[in-house]
Amino acid sequence: MKIRITSTLILCLIIIGTVSVASLPSKNNFMTSELNRIEQYLIHRDSLNKEVSKVAVGWHLDHSLKVINGICDSLRASNPETYKRKFNIARAFSFTFGFIPRGRAQSPKSVLPPDAIKTADIVSQLAMARDKLVTLETLDNKSNFKHPVFDQLNKKQARRFIEIHTRHHLKIVQDILKE
């Protein structure tokens, strides 16, 4: 009887452990749910709520994808030897709390959407983002890029920024749509 209970207990622990490990976020799943949400919001691309944002949903989707793709390109083109760790109070606050205040920062021109945003362009950028985020994992940990507010970010910090920034814009989209 004790052997059967012990065997059952061990089997349960193995199953629980396997399920727990399987449910951990994988590097291959980085940003998958956020990119899926961007895709789902495409049907609302023209929705606008000026009480929330001066621009429509499509602008936020396009901008988010331009940021993801631009950061991935910058990291890939960087020289890991140039990375120097440096404290930045704004980055520490934002990364700790996973928060970017609304309406504070100006986006660089390179990540601003065009005046006429085409759905096909968003779809194309979405496919590129999915590919680039997978290849991001192959880069050196000291791959880096310079952020206008947070200064130089290494690969790990860049991943964190991509998460926070994308979620920031997805939250704005939710508020525009009153979800």
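Structure: see above.
Described below are features of the structure shown in this document. Since this is a predicted model, take the numbers as computed values, not measurements.

### A look at the overall build of the protein chain
Across its full length, the protein chain carries six helices and two strands. Taken across its 179 residues, the protein chain has 39% of its residues classed as buried. A sequence separation of at least 24 residues applies to 81% of the contacts in the protein chain between residues at least 6 apart. Accessible surface computed for the protein chain: about 11600 Å², of which carbon and sulfur atoms make up 58%.

### Points about the side chain of Asn-69
The residue Asn-69 is located in helix 3 (residues 57-77) in this model. Apart from residues lying up to four places away in sequence, Asn-69 is in contact with Gln-125, Met-128, Ala-129 and Lys-132.

### Topic: the nonpolar core
Grouped together as the largest cluster of nonpolar side chains are 37 residues, with contacts concentrated most on Leu-35, Leu-61, Leu-65, Ile-68, Ile-71, Leu-133 and Phe-161. Secondary-structure elements contributing two or more residues to this core are helix 2 (32-41), helix 3, helix 5 (119-136) and helix 6 (155-177). Not counting residues within four places of it along the chain, the set of residues in contact with Ile-71 comprises Phe-145, Ala-158, Phe-161 and Ile-162.

### Some points on the packing of helix 2 against helix 5
Running from N to C, helix 2 and helix 5 cross one another at 175 degrees; their axes reach a closest spacing of 11 Å. Between helix 2 and helix 5, the angle is such that the two are roughly antiparallel. Along the contact surface, helix 2 presents Leu-35, Asn-36, Ile-38 and Glu-39, while helix 5 presents Leu-126, Ala-129, Arg-130 and Leu-133.

### Observations concerning the environment of His-44
Tracing the chain through its elements places His-44 in the loop between helix 2 and helix 3. Relative accessible area serves as the criterion here: at 28%, His-44 is assigned to the partly exposed category. Put simply, His-44 and Ala-56 are 12 residues apart on the chain and 8.8 Å apart in space, counted from C-alpha to C-alpha. Setting aside its immediate chain neighbours within four residues, His-44 contacts Val-57 and Leu-177.

### Regarding the pattern of salt bridges
The final tally for this structure, using the stated rule, is 13 salt bridges. A salt bridge links Arg-76 to Asp-73; the nearest nitrogen and oxygen atoms lie 3.4 Å apart. Taken together, the positions of Arg-76 and Asp-73, both in helix 3 and three residues apart, correspond to about one turn of that helix. We classify Arg-76 as exposed; its relative accessible area is 51%. Residue classification places Asp-73 among the partly exposed residues on the basis of a relative accessible area of 28%. Across the pair Arg-160 and Glu-163 runs a salt bridge whose closest N-O atoms are separated by 3.7 Å.

### What to know about the layout of surface pockets
In this structure, the largest pocket occupies an estimated 1100 Å³ of space. Every residue lining the largest pocket is counted, 39 residues in all, and those nearest its centre are His-63, Ala-105, Gln-106, Ser-107 and His-169. For the lining of the largest pocket, the secondary structure elements donating two or more residues are helix 3, helix 4 (89-97), strand 1 (144-147) and helix 6. Sort the elements by how many residues they give to the lining of the largest pocket and helix 3 lands first, with eight residues. The residue makeup of the lining of the largest pocket, split by class, is 20 nonpolar, 14 polar and five charged. Here the second largest pocket defines a volume of roughly 260 Å³. Breaking the lining of the second largest pocket down by element, the ones donating at least two residues are helix 4 and helix 6. With three residues, the single largest contributor to the lining of the second largest pocket is helix 4.

### A look at the pairing of strand 1
Where strand 1 lies against strand 2 (residues 151-154), four bridges are found, and the strand directions are antiparallel. Directly across from His-147, in strand 2, lies its bridge partner Asp-151.

Basis of the calculations
- Residues numbered from 1 in each chain as written.
- Predicted model: local features only at pLDDT ≥ 70, side-chain atom pairs only at ≥ 80, totals over all residues.
- Heavy atoms only, no water.
- Helix = DSSP H or I, 4+ residues; strand = E, 2+ residues; numbered from the N terminus.
- Buried < 20%, exposed > 50% of the residue type's maximum accessible area, 1.4 Å probe, protein only.
- Contact = heavy atoms within 4.5 Å.
- Areas by Shrake-Rupley, 256 points an atom, 1.4 Å probe, with all protein chains shown as cover.
- Core = buried A, V, L, I, M, F, W, Y, C linked by side-chain atoms within 4.5 Å.
- Axes fitted to C-alpha atoms, helices over the stretch in contact; angles between N-to-C directions.
- Parallel < 35°, antiparallel > 145°, perpendicular 65-115°, else oblique.
- Salt bridge = Lys/Arg side-chain N within 4 Å of Asp/Glu carboxyl O.
- 1 Å grid on protein atoms, 1.4 Å probe; cavity = no way out; pocket = protein on both sides within 12 Å on 5 of 7 lines; lining within 4 Å.
- Points joined across faces, edges and corners; volume = space filled by probe spheres on them.
- Nonpolar A, V, L, I, M, F, W, Y, C, P; charged D, E, K, R; others polar.
- Pairing = 2+ DSSP bridges.

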